[in-house]
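Breakdown of the fold
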Amino acid sequence: MSFRTFILSLSASFGVAWLAIVIVPYFKMRSLEPVAVEEGDGTNAVYIPKRAGRIADGAEVYAANGCYMCHSQLIRPTYAGNDMFRPDWGGIAGDEDRGDTRRETNAFDFEGEDFAHIGISRLGSDLSNLARRIETDYAKGGNSEQWLFGHLYNPRWEAKRRDSTCPSFRFLFNVTEIKGNPSDNALPFPVEEGMEITPKPEARALVSYLLSLKKDQPVPTSFNFAPPTAAAPTAP
Amino acid sequence: MSSEVFNNLEQDSALRASIDRSLRHPVMFFLTSGAAWLAVSIILGVISSAKVHSPGFLDGFGFLTYGRTQAAHLNALIYGWGFQAAFGVIVWMLSRLSRQECRAAGMILTAGHIWNLGVSVGIIGILAGFGTGMPWMEFPSFCWPVLLLSYFAIVVWSLVQFKVRPEGHVYISQWYLMAAMIWFPWVFITANVLLHMMPGNPVMAAGINAWYKSSLIFLFFTPVALGTAFYLVPKVSGRPIHSYSLAQLGFWSLAVIMPWAGMQKLTGAPIPYFLPYLGATATILFFVPAFTAAVNILRTAMTDPEVVNNSPTLRFTMAGVVGLIVMAVAAVFLNIPGKTMEFSQFSMSVYGFEILAIYAFFSFVMFGAIYFIVPRVTRREWLSRRLIKMHFFFSIYGIVSIAVIAIFGGVQQGIGQEAFDQPWLEAALRAYPYAVFITIAWCFILFSNIFFFMHLTVMWLRLGRRSTHPTLLVSGHHGSPHGEEGDIDNCGSGTASAH
């Protein structure tokens with residue numbers, strides 16, 4: 001075989017796969033087609049994913065500190081895993097207002113990010129629906145933001161989390177002298193007299209990003225795979 | 001007649017000696033700095049692995065947080081050790097196979113320094129908190145053009161040598177190495193340009209990243225290691241390849257199947273459904289190129305088991321080929337959609353498979369090549385067979401533990417994750433014992449590589465034995481621990497008769 005034939009065969013065998021699974025899907029998915037909220041209802045309403053918070057710079061902090069090493073952000077459909085069956089992963093199974101809000105991850109869920117941190121391992125839990133979980137369970141009735149700051153500072157401070165292996169992100173916090181009144185976000189952990197623990201800007205961005213992880217909003221009928229009974233909240 | 005043959009042999013060894021001499025500095029630079037990066041990577045690996053089970057270990061420093069050390073550990077292993085070992089082997093082996101002296105040693109050496117600079121800046125960038133968060137592409141985004149340019153400056157000379165080589169048969173190792181040299185920049189440019197310069201759908205970007213990881217394993221590290229093994233085994237055992245057509249079948253099945261692999265890591269993600277299934281199928285089919293090559297190499301080597309046992313080169317290479325077989329079995333076992341995929345997708349078996357591919361297969365073959373190449377380019381023999389044995393056995397203990405523990409522990413962990421009626425903590429705690437053992441195993445590997453790095457540095461300083469007898473791993477307690485003395489090489493540097 002000559003060098004020329006070798007290069008041609010190599011380019012052909014690699015090029016076909018390269019086009020079919022990398023180039024074409026990537027460019028096809030670069031701009032997703034708008035999806036109607038309700039097909040055939042005559043309103044032409046288009047699904048606009050809702051997400052608020054410091055998503056872009058929060059995601060940078062999330063990436064730089066390697067959160068994706070232990071946490072995934074993917075609720076797989078039931079053919080690919082049991083994520084949907086956990087009561088608080090894909091949504092909240094017993095949401096007080098909306099019934100069962102669990103759903104799988106869709107292509108609009110990473111709105112505002114350049115790279116979806118699907119994750120590579122689940123040494124920790126899935127974070128797709130973290131913010132909703134904090135609201136309804138971890139910090140029920142309290143301040144979600146403050147709970148997350150505390151959790152990042154010391155993931156093992158609650159007795160029920162003493163076995164957590166999540167690293168402490170103390171380095172995202174300052175210990176500063178109290179001047180005048182204590183800061184709003186000062187953490188309730190013991191520290192020297194006259195000092196307080198406050199989050200750095202990175203910690204604020206990260207927490208804002210984490211609080212945007214509420215991937216249980218209603219989705220268009222075309223990709224709502226929930227069984228019909230679960231979709232409608234039960235009337236009181 | 002006989003004098004003509006003798007004359008040809010003389011000329012032949014003179015040519016080989018001159019090729020080796022022309023490449024001494026670049027090759028030794030790549031191998032030694034690669035080994036140094038390997039040590040750095042293993043130290044980072046021990047630190048990050050310890051953090052998985054003892055989160056209080058070296059706690060509270062930003063640059064030592066788990067997410068950063070683990071990323072630095074893998075990137076140092078891939079770009080610091082893996083690529084540099086591959087460069088050293090590629091430039092040397094293709095020069096030998098093209099029968100051409102290297103005329104660009106200075107250029108290669110300079111480019112090698114730039115590559116090292118790029119890797120250093122990248123690792124420091126990750127530890128300082130500028131990582132991109134894309135697995136295996138965590139280097140800050142200004143690093144990849146530096147790496148790409150220095151890559152071209154390193155390997156382009158091998159292609160030139162191939163073009164101007166004397167006419168003749170093209171050997172299977174040349175196909176493997178040149179294919180790897182062409183696939184890598186294609187994959188590297190595609191992934192980096194798409195992800196850093198043309199942001200698209202974030203989920204598909206994660207898919208490209210998964211494909212990139214898989215392509216580095218299957219289209220760079222695998223062909224480099226196979227090409228090397230196909231060179232070393234016939235060379236040391238003195239026997240031709242068992243079946244040359246089988247070798248070609250192995251090569252083309254690799255070229256046709258493996259570009260499709262990788263996206264099975266996004267099973268269930270919102271990307272086109274066929275992508276994960278294609279990825280899983282291709283990864284499972286890895287056993288075709290792997291088994292054809294492994295059987296061929298084993299059949300060639302096992303015609304004389306004693307040589308395999310005594311030669312450090314063959315012992316490491318054969319261990320690497322066994323690593324390839326285990327890796328192929330693991331590729332089948334871990335990637336069956338609907339059966340094992342859901343257990344392995346997000347567990348530590350992902351890491352286990354990567355370490356299996358990069359260390360148990362690729363690195364072992366590279367160690368074999370290093371034990372072969374270094375005495376030739378430095379014209380000194382390895383100092384001590386005890387050091388080589390230490391390196392071999394501790395690496396074997398370490399890597400077998402990591403592979404077995406991470407893959408089976410990963411599946412155990414996956415079973416816990418899938419048990420949705422149990423609290424999540426149950427699944428998280430299942431990883432604990434396996435993580436402890438992985439730390440211990442990395443300590444073994446660190447121990448073995450300290451010996452290796454010391455030995456290699458001494459060889460680079462040309463403090464090896466001046467002897468015509470290679471250092472063999474013969475057993476028995478008689479005589480010197482450093483092997484037979486043999487004739488002392490007093491021929492002066494560069495004379496042909498010394499080879």
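What to know about the interface of chain A and chain B
Taken together, the 72 residues of chain A in the interface contact 84 residues of chain B. Summed over both sides, the interface between chain A and chain B buries roughly 6,700 Å², with carbon and sulfur atoms accounting for 69% of that surface. On inspection of chain A and its partner chain B, the count reaches 2 salt bridges. In this structure, B:D59 and A:R170 form a salt bridge, with 3.3 Å as the shortest nitrogen-oxygen distance. In this structure, the connection of chain A to chain B is made through 19 residue pairs in polar contact (both at pLDDT 80 or more). Breaking the side of chain A that touches chain B down by element, the ones donating at least two residues are α1 (3-28) and α2 (55-64) of chain A. Looking at the side of chain A that touches chain B, the element that brings in the most residues is α1(A), giving 19 residues. Tallied by class, the residues present in the side of chain A that touches chain B amount to 42 nonpolar, 20 polar and 10 charged.

As for helix α3 (residues 130-138) of chain A
Regarding α3(A), the residues found buried are A:L130, A:A131, A:R132, A:R133 and A:I134. Those residues of α3(A) that are buried are in contact with α4 (144-153) and α5 (201-210) of chain A.

Let's talk about the confidence of the model for chain B
Residues and elements named next belong to chain B. Summarising the model, chain B shows a mean pLDDT of 90, and 94% of its residues fall at 70 or more. The low-confidence segment residues 486-499, where pLDDT is below 50, has 28 contacts with residues more than four positions distant or belonging to other chains. The ipTM, which scores confidence in the relative placement of chains, is 0.93 for this predicted complex, and the corresponding pTM is 0.93.

Some thoughts on the pattern of salt bridges
Between side chains of opposite charge, a pair can form as their charged atoms come close. The tally for this structure, following the rule as stated, stands at 19 salt bridges over all chains. As a salt-bridge pair, A:D83 and A:R76 come within 3.0 Å of each other at their nearest N and O atoms. A salt bridge links A:R132 to A:E135; the shortest N-O distance between them is 3.6 Å. Here A:R132 pairs with A:E135, and both are found in helix α3, just 3 residues apart, close to one helical turn. Several salt bridges converge on common partners, so that one network encompasses A:R76, A:D83, A:R122, A:D126 and B:E418.

Re the nonpolar core
In this structure, A:I118, B:Y79, B:F83 and B:F286 are the most contacted members of the largest nonpolar core, which totals 216 residues. Broken down by element, the residue count for this core peaks at 22 residues, all from helix α7 (residues 202-237) of chain B. Setting aside residues no more than four positions away along its own chain, B:Y79 makes contact with B:Q84, B:W115, B:V119, B:W136, B:F139, B:L147, B:F188, B:Y212 and B:L216.

Concerning a nonpolar patch on the surface
Residue and element names in this part refer to chain B. A contiguous nonpolar surface patch, about 370 Å² in accessible area, is contributed by L285, F287, F291, V295 and V329. At 3 residues, the largest contribution of residues to the nonpolar patch is made by helix α10 (residues 287-301). Among the secondary structure elements, V329 is positioned in helix α12 (residues 312-334). Look at V329 and you get partly exposed, because its relative accessible area is 46%.

Considering the confidence of the model for chain A
For chain A, per-residue confidence averages 89 on the pLDDT scale, and residues scoring 70 or more make up 96% of the total. Model confidence for chain A, summarised as mean pLDDT per element, is weakest for helix α6 (residues 228-231) of chain A at 55 and strongest for α5(A) at 96.

A look at the packing of aromatic side chains
Inspection of the entire model under this criterion finds 72 aromatic pairs over all chains. Ring centres of A:Y47 and A:F108 lie 5.5 Å apart, and the angle between their planes is 90°; this geometry places the pair in the edge-to-face category. Remark: A:F108 occurs in the loop between α2 and α3 and A:Y47 occurs in the loop between α1 and α2; sequence separation between them is 61 residues. The exposure class assigned to A:Y47 is buried, which follows from its relative accessible area of 11%. Plain terms: the ring middles of B:F364 and B:F392 are 6.5 Å apart, the flat faces sit at 85° to each other, and that makes the pair edge-to-face. Here B:F392 lies in helix α15 (residues 385-418) and B:F364 lies in helix α14 (residues 349-378), a separation of 28 residues in the sequence. Neither B:F364 nor B:F392 differs from the other in exposure class; each is buried. Between A:R161 and the ring centre of A:Y138, over which it is positioned, the NZ or CZ distance is 4.3 Å. We note B:R376 situated over the ring of B:F372; from NZ or CZ to the ring centre the distance is 3.8 Å.

What counts and how
- For every chain, the first residue of the written sequence is number 1, and numbering continues from 1 along that sequence.
- Chain letters and ligand numbers both follow the written order, the letters beginning at A and the numbers at 1.
- pLDDT decides what is reported in this predicted model: residues at 70 or higher carry local features, side-chain atom pairs at 80 or more are listed and counted, and totals for whole chains, interfaces and linings draw on all residues regardless.
- To get the side-chain values, take all heavy atoms of the structure and skip hydrogens and water.
- Contacts are assigned to residue pairs that have any heavy atoms within 4.5 Å of one another.
- For any pair of parts, buried area is found by adding up, for both, the accessible area (1.4 Å probe) each one loses once the two are put together.
- Salt-bridge detection follows one rule: a side-chain nitrogen of Lys or Arg within 4 Å of a carboxyl oxygen of Asp or Glu.
- Polar contact is defined as a pair of N or O atoms within 3.5 Å, subject to the rule that within protein one atom must be able to donate a hydrogen and the other to accept it, and that residues adjacent in sequence are counted only when both atoms are side-chain atoms.
- Under the DSSP-based scheme used, a helix requires at least four consecutive residues in state H or I and a strand at least two consecutive residues in state E, with every element numbered from the N terminus.
- Residue polarity is assigned by list, with Asp, Glu, Lys and Arg as charged and Ala, Val, Leu, Ile, Met, Phe, Trp, Tyr, Cys and Pro as nonpolar; anything else, Gly included, falls into the polar class.
- Per-residue accessibility, obtained with a 1.4 Å probe over protein chains only, is compared with the maximum for each type, and a residue is labelled buried under 20%, exposed over 50%, and partly exposed between these values.
- For every residue, the predictor states its confidence as a pLDDT score lying anywhere from 0 to 100.
- Side-chain atoms within 4.5 Å link the members of a nonpolar core, which is a set of buried Ala, Val, Leu, Ile, Met, Phe, Trp, Tyr and Cys residues.
- Each patch is built from salt-bridge-free residues with over 30% relative accessible area, joining like charges within 9 Å and nonpolar side chains (Val, Leu, Ile, Met, Phe, Trp, Tyr) within 5 Å.
- All accessibility values rest on the Shrake-Rupley procedure with a 1.4 Å probe; residue burial counts only the protein chains present in the view.
- Any two of the Phe, Tyr and Trp rings considered here, Trp counted by its six-membered ring, make a pair once their centres fall within 6.5 Å; the pair's planes then place it as stacked at under 30 degrees, edge-to-face at over 60, or tilted in between.
- Whether a charge sits over a ring comes down to the Lys NZ or Arg CZ being within 6 Å of the ring centre and within 35 degrees of the ring normal.

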